[in-house]
Amino acid sequence: MTKTSRVRLIEEDYDYIAILEKHLEKNMLEKLLRIRDPELHRWIADVIRIAKPAKVYLITSEEDFEYVRQAALRNREELPTRYSKHTVHFDGPRDLARDRKNTRILLPGGEKIPFINTYDRDKGLEEIKELLKDIMHGREVFIGFYCFGPKKSPFTLHAVQITDSAYVAHNENILYRVCYDEFVEKAPNLHYARFIHSAGEKDENGWSKNIDKRRIYIDLHDYTVYSVNTQYGGNTIGLKKLMFRLCIYKGYLEGWLCEHMFITGIRGPGDRLTYFTGAFPAGCGKTSTAFMSDTIVGDDLAIIKLVDGIPHAVNPEIGMFGIIDGVNPHDDPVLYKLLIDPNNEIIFSNVLLTEDGEVWWHGKETPPKPGINYAGKWWPGKKDETGREIRPSHPNARFTISLRVLPSLDPRVDDPLGVPVGAMMFGGRDPDTWPPVEEAFDWVHGIITKAAALESEKTAAILEKVGVREFNPFAILDFLPISIGKFIQLHLDFAEKAAKTPKIFSVNYFLKDEQGRYIADKVDKKVWLKWMELRVHDDVGAIKTPTGLIPIYQDLVRLFKQYLDKEYSEQRYEKEFTLRIPQQLAKIERIWSIYEQIPDTPRILFETLRQQKQRLKQVQDKWGNYVSPFKFDRC
């Protein structure tokens, strides 16, 4: 991925400086030319010639943020609320989520990769060039220069976003660090990603009209992403999940990790702070776990590299683009308080905006009032054409807010070398197999039986059948640009270069009893976090089972009392930590059958699963299908 000549939207030679001089105001042109990169200048001129915007605005510092915000309001891409710093955006009823079908990795010849949506690169580029013709006609286009990570950091990637949506640019400005100065300083030797986005033709509501021509094409070889005929943030905010795919690919080529993980700090004895990363599919407790931690470096993504042989992590973002559905003052008191604070700049998307200017979502304590939402005008009891009642706020409604307003923001959030990773956790929505917390025997065992074997029940946030168990290794399957087999091998190779690897844990907040009720309370994850922190430093022992290491009962009794002032009974401990052998064996069979279909799966995966199956069978022969944790030995 060296800096070589890149794809041109227009092949012919022309006076691109003349194009820039014609379309950029003098101060904007001067800013652009300070970046001494003719290839960048030519690319921007190409976009102007093919897409035909009326005006170009460069985002080069925080001084530009208010202009972009006002443009979003002026264009009616965002609507004002009763609070001046809160705005609301609507995507339209057909543009409310990531478009899996039309988000494609462009590969030469359309190379097929299991579980990855690929497309022929030449065909994709030809199609996207055609779609871009005149698509920005008459609009103002925004060009931002961003860091994907802390400034002046060896972890950090760089990106340029071109968009005709002030809403998209507004999001970028909250979520990422503007680093125009690094482009000026390092050009022409700076390697950067390129993002082109257009909302396309809009209808009378301001929503993208040509949804049938919605395309999100990711060109790995050119480090460029094209997004057209869509406004939803997951399809359009370049440095979010689009840049994430490029980051994974770059890490694969260079031997480091880009993960779908939060980064948090957990305090232990003597005010010790241990940093964890954690991967969870949607609706499985990722955000709540981050906010239950003592400090937050990041809530969603992590770049992990070795520093003197020790894995360190940085958060490439400086903001949150989070799901707001269900956020309430009882279960999420800190986040809820931030979201109702009129002093925090927030973009709400696809919520309900009431007639009196209130932002309402599922989680507010007061009932919803008439207003407008993602489907147009809304009133209590409104139904769609099928007779189904329309929710006032969409299940995938979002909020965009800066991390810098968090009271628990870790002081090392901008550290160029990141924070040392003591442990990684992987969690899914699992009613009957995994215990609430379990430590892997070692890195290989953890990567294979915890990360690569991650499954989760689908939730109402996904418009498919609820309750179906879905394979989602590393909680990253939707975003992988490479085979999951290669991704697993990358983790195995990464450990070979490390002087010390993080401990790996699985967590499961969704285990149910015989009556189908959740056994644990939401707040109980505080105890699991504190136990894992102690295990990182070998401050407490553990019980060895065929699938990993679990807590000793007496340690949990003490931790529940210390942190939650709750009693923890032996009966509950047995319910939660009983080894469920039939379910564990069934899981191994499911995972084995999936990886048999992936040609480049590392052979050690099958060997590790085989060994775990053998251990389970031995215990099953000795004690039966369901084995109390009290039967196992401490270690």
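Located above this text is the structure these notes cover.
Residues numbered from 1 in each chain as written. Predicted model: local features only at pLDDT ≥ 70, side-chain atom pairs only at ≥ 80, totals over all residues. Heavy atoms only, no water.

Colleague: Help me get a handle on the overall build of the chain, residues and values and all.
Modeller: Counting its secondary structure elements, the chain contains 18 helices and 33 strands. By the compact-globule yardstick of 26 Å for 635 residues, the chain fits well, its C-alpha radius of gyration being 25 Å. On the principal axes, the C-alpha backbone points of the chain span a range of 80 × 55 × 50 Å. Taking all 635 residues of the chain together, the buried fraction comes to 62%. Within the chain, counting contacts between residues at least 6 apart in sequence, those at least 24 apart form 74% of the total. Placing the 90 positive and 92 negative side-chain charges of the chain at their respective mean positions leaves the two points 1 Å apart. (Helix = DSSP H or I, 4+ residues; strand = E, 2+ residues; numbered from the N terminus. Rg over C-alpha atoms; globule rule 2.2 N^0.38 Å. Buried < 20%, exposed > 50% of the residue type's maximum accessible area, 1.4 Å probe, protein only. Contact = heavy atoms within 4.5 Å. Lys, Arg positive; Asp, Glu negative; His and termini not counted. Charge placed at Lys NZ, Arg CZ, Asp CG, Glu CD.)

Colleague: Could you give an account of helix α13 (residues 484–497), naming the residues involved and the relevant values?
Modeller: Here α13 spans 21 Å end to end across 14 residues, near enough to the 20 Å set by a 1.5 Å rise per residue. Listed as buried for α13 are Ile484, Gly485, Phe487, Ile488, Leu490, His491, Leu492, Phe494 and Ala495. The N-capping residue of α13, defined by a side-chain oxygen 3.0 Å from the backbone nitrogen of Gly485, is Ser483. (Expected span 1.5 Å × (residues − 1). Polar contact = N/O pair within 3.5 Å; in protein donor to acceptor, adjacent residues only side chain to side chain.)

Colleague: Break down the packing of aromatic side chains for me, citing the residues and quoting the values.
Modeller: The relation between two aromatic rings is expressed through the spacing of the ring centres and the mutual angle of the planes. Per the stated rule, a full pass over the model turns up 33 aromatic pairs. Relative to Phe280, the ring of Phe262 has its centre 5.9 Å away and its plane inclined at 25°; by these criteria the two rings are stacked. You can see Phe262 sitting in strand β13 (residues 262–268) and its partner Phe280 sitting in the loop between β14 (272–279) and α10 (286–292), a full 18 residues away along the chain. With a relative accessible area of 0%, Phe262 lands in the buried category. (Phe/Tyr/Trp six-rings, centres within 6.5 Å; stacked < 30°, edge-to-face > 60°.)

Colleague: Explain the environment of Lys566 to me, using residue names and the numbers behind them.
Modeller: One can find Lys566 in the loop between α15 (553–564) and α16 (570–577). Sequence separation of Lys566 and Asp524 is 42 residues, and the distance between their C-alpha atoms is 9.6 Å. What Lys566 contacts, discounting residues up to four positions off in sequence, is Asp521, Val523, Asp524, Phe560, Lys561 and Arg572. Within the structure, Lys566 has its side chain in polar contact with the side chain of Asp524 (distance 2.7 Å).

Colleague: Can you lay out unusual backbone geometry for me, pointing to particular residues and giving the numbers?
Modeller: Here the amide bond leading from Ala187 into Pro188 is cis, since omega sits at 5°, within 30 degrees of zero. Checked against the element boundaries, Pro188 lands in the loop between α7 (180–186) and β9 (193–198). With a phi close to 60°, Lys52 is a non-glycine residue in the positive phi region. Looking at where Lys52 falls in the secondary structure, it is placed in the loop between α3 (38–51) and β1 (55–59).

Colleague: Give me the packing of α15 against α16: which residues, what numbers.
Modeller: Packing of α15 against α16 brings their axes to within 11 Å, and their N-to-C directions diverge by 115°. As far as their axial angle goes, α16 and α15 are roughly perpendicular. Crossing handedness for the pair α15 and α16: right-handed. In this structure, α15 uses Tyr553, Leu556 and Phe560 to contact α16, whose residues at the interface are Glu570, Arg572, Tyr573 and Phe577. Class assignment of the residues belonging to the contact of α15 with α16 gives a composition of five nonpolar, no polar and two charged. (Axes fitted to C-alpha atoms, helices over the stretch in contact; angles between N-to-C directions. Parallel < 35°, antiparallel > 145°, perpendicular 65-115°, else oblique. Left-handed = near helix turned anticlockwise from the far one by under 90°. Nonpolar A, V, L, I, M, F, W, Y, C, P; charged D, E, K, R; others polar.)

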